Amino acid sequence: MDAFFLSHEVSVRLGIFFGIFATMAGWEFLAPRRALQQRRPVRWANNLALTFLNSILVRAILPVAAIGVAVFAAERGMGVFNFVHVPYPWAMVLSVLALDVAIYLQHLMFHAVPLFWRLHRVHHADLDFDVTTGARFHPVEIVLSMLIKFAVILVLGPPALAVLLFEILLNATSMFNHGNVRLPAGIDRLLRLIVVTPDMHRVHHSVDPRETNTNFGFNVPWWDRLFGTYRAQPQAGHAAMTIGVEQFRTPRELWLDRMLLQPFRADTSGYTIGRQHESAQ
Ligand SMILES: [Zn+2]
Ligand SMILES: [Zn+2]
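Values in this document were obtained by computation on a predicted structure and should not be read as measured data.

Enquirer: Describe the coordination of the zinc ion (ligand 2), with residues and values.
Expert: Within the protein, the zinc ion (ligand 2) binds to His123 (NE2), His178 (NE2), His201 (NE2) and His205 (NE2); these donor distances fall in the range 2.1 Å. Note that the zinc ion (ligand 2) binds four donor atoms; their angles at the metal cover 89 to 165°, and the shape is irregular. Of note, the zinc ion (ligand 2) draws all its donor residues from one chain, in the sequence arrangement H-x54-H-x22-H-x3-H. In this structure, the zinc ion (ligand 2) is positioned 5.6 Å from the zinc ion (ligand 1). In this pair, His123 is assigned in helix 7 (residues 114-124) and His201 in helix 11 (residues 198-204), connecting sequence segments 78 residues apart. Take His123: its relative accessible area is 0%, and that puts it in the buried class.

In structure tokens, the structure reads:
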């Protein structure tokens, strides 16, 4: 089975991507959580153009995929799981969890370090919150987080299949938890015990920095609960809350050229965790 997934990595991932994207888009159409504030064709065209550009750039710049790094580590006996013997199912589960906590910490770092926040705020500058927001990241952030993931894989030595599973999971949950979809409160409460739901992640896209700097998790909600960064709901409520960052609020900022240039514009936001401490003193 490993061999099948390894040799069909790209088609497996693309198939899952389009399947979940279509499901979420349909769900957003049938049961939206909030009325969109911006014109959908402009936002979608530009968010999807950025996603497309990123997928081409990553393949052009990085010679290997994360799964290739895992195979490389296994062949050379590098990384914890390649020299400490752990039963395969356990190595799979522990690897996925370790990769997830690494992504959580990386997300925290992208908010805490002003230079990284300049890149990551492109994700937050979307003025609406829907399935296309889930893939809207600056290309430099994408490449940087790939390199961080490579380093984590070299230290961890996870099974290659765990890396593939993690990347598919992350892709799927990111589209799910950015969905502008309505979920009954009871189901949201239950789901939130095991996965980050749209209502949980929407809090993170609030314009209020006290809410922006909460709910950093992408897959499982446990790290936020464990490290004290969990916030159940936005203060203004989901329908009335303001999405985005204070700095980029005009529709023109939703265009691809602006998204690409946003990291180089002055940082007057006071959004990063460090800045919050400064202004609190
Ligand atoms: Zn963030
Ligand atoms: Zn997000």
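Enquirer: Give a detailed account of unusual backbone geometry, specifying residues and quantitative values.
Expert: Even without being a glycine, Asn215 presents a positive backbone phi close to 50°. Considering the arrangement of structural elements, one finds Asn215 in the loop between helix 12 (209-212) and helix 13 (222-226). Using a relative accessible area of 0% as the deciding quantity, one classes Asn215 as buried.

Enquirer: Any chance you could break down the coordination of the zinc ion (ligand 1) for me, citing the residues and the numbers?
Expert: At this site the zinc ion (ligand 1) is bound by His107 (NE2), His111 (NE2), His120 (NE2), His124 (NE2) and His204 (NE2), with donor distances of 2.1 to 2.2 Å. All donors of the zinc ion (ligand 1) belong to a single chain; written as a sequence motif, their spacing is H-x3-H-x8-H-x3-H-x79-H.

Enquirer: Tell me about helix 2 (residues 9-30), and please be specific about residues and values.
Expert: Between its terminal C-alpha atoms helix 2 stretches 32 Å, which fits the 32 Å expected from 22 residues at 1.5 Å a residue. By the burial criterion, the buried members of helix 2 are Glu9, Val12, Phe17, Phe21, Met24, Ala25 and Glu28.

Enquirer: Tell me about the pattern of salt bridges, and please be specific about residues and values.
Expert: Taken as a whole, this structure holds 14 salt bridges when the rule is applied. Of the charged contacts, one joins Asp130 and Arg43 as a salt bridge, the two residues approaching to 3.0 Å between their closest N and O atoms. Here Asp130 is found in the loop between helix 7 and helix 8 (139-156), whereas its partner Arg43 is found in helix 3 (residues 40-61), with 87 residues between them in sequence. Per residue, the accessibility class of Asp130 equals that of Arg43, and both read buried. For Glu75, the salt bridge is made with Arg76, and the minimal N-O distance between the two is 3.7 Å.

Enquirer: Describe helix 4 (residues 66-75), and please don't skip the residues or the numbers.
Expert: Within helix 4, the full set of buried residues consists of Ala66, Ile67, Val69, Ala70 and Ala73. Relative to the axis of helix 4, the buried residues are bounded by an arc of 155° and lie together on one face. Two residues or fewer past helix 4, Gly77 is found with a positive phi of approximately 65°.

Enquirer: Residues and numbers for the packing of helix 2 against helix 3, please.
Expert: For the pair helix 2 and helix 3, interaxial distance at closest approach is 15 Å and the crossing angle is 170°. In terms of their interaxial angle, helix 2 and helix 3 are classed as roughly antiparallel. Crossing hand, helix 2 versus helix 3: right-handed. Across the interface between the two elements, Val10, Phe21, Ala25 and Glu28 of helix 2 pack against Arg40, Trp44, Leu48 and Arg59 of helix 3. Here the residues of the contact of helix 2 with helix 3 are counted per class, giving five nonpolar, no polar and three charged.

Enquirer: Describe the packing of aromatic side chains, and please don't skip the residues or the numbers.
Expert: We describe a pair of aromatic rings using the distance from one ring centre to the other and the angle between the two ring planes. This model, assessed by the stated rule, comprises seven aromatic pairs. Both rings, one in Phe17 and one in Phe21, keep their centres 6.0 Å apart while their planes meet at 25°; by these two values the pair is stacked. With Phe17 and Phe21 both in helix 2 and four residues apart, this pair spans about one turn of that helix. Ring centres 5.1 Å apart and planes at 40° place the aromatic pair Phe110 and Phe116 in the tilted group. On the basis of relative accessible area, Phe110 is assigned to the buried category, the value being 1%. Grouping aromatic residues by their ring pairs yields a cluster made of Phe17, Phe18, Phe21 and Trp44. In this structure, Arg40 packs its charged tip against the face of Trp44, placed 5.5 Å from the ring centre.

Enquirer: I'd like to hear about the nonpolar core, residue by residue, with values.
Expert: In terms of nonpolar packing, the biggest core is built from 27 residues, with Leu99, Phe150, Ile153, Val163 and Phe166 touching the most fellow members. Counting only elements with at least two residues in this core, the list comes to helix 4, helix 6 (88-112), helix 8 and helix 9 (160-177). The element that contributes the greatest number of residues to this core is helix 9, accounting for eight residues. Filtering out sequence-adjacent residues up to four positions away, Val163 remains in contact with Ala66, Ile67, Ala70, Leu99, Ile153 and Pro158.

Criteria and cut-off values
Residues numbered from 1 in each chain as written. Chains lettered and ligands numbered in written order. Predicted model: local features only at pLDDT ≥ 70, side-chain atom pairs only at ≥ 80, totals over all residues. Heavy atoms only, no water. Donors = N, O, S within 2.8 Å, 3.2 Å for Na, K, Ca; no water. Tetrahedral: all angles 85-135°; square planar, octahedral: opposite > 155°, others 65-115°. Helix = DSSP H or I, 4+ residues; strand = E, 2+ residues; numbered from the N terminus. Buried < 20%, exposed > 50% of the residue type's maximum accessible area, 1.4 Å probe, protein only. Expected span 1.5 Å × (residues − 1). Salt bridge = Lys/Arg side-chain N within 4 Å of Asp/Glu carboxyl O. Arc of directions from axis to C-beta. Axes fitted to C-alpha atoms, helices over the stretch in contact; angles between N-to-C directions. Parallel < 35°, antiparallel > 145°, perpendicular 65-115°, else oblique. Left-handed = near helix turned anticlockwise from the far one by under 90°. Contact = heavy atoms within 4.5 Å. Nonpolar A, V, L, I, M, F, W, Y, C, P; charged D, E, K, R; others polar. Phe/Tyr/Trp six-rings, centres within 6.5 Å; stacked < 30°, edge-to-face > 60°. Lys NZ or Arg CZ within 6 Å of the ring centre and 35° of its normal. Core = buried A, V, L, I, M, F, W, Y, C linked by side-chain atoms within 4.5 Å.

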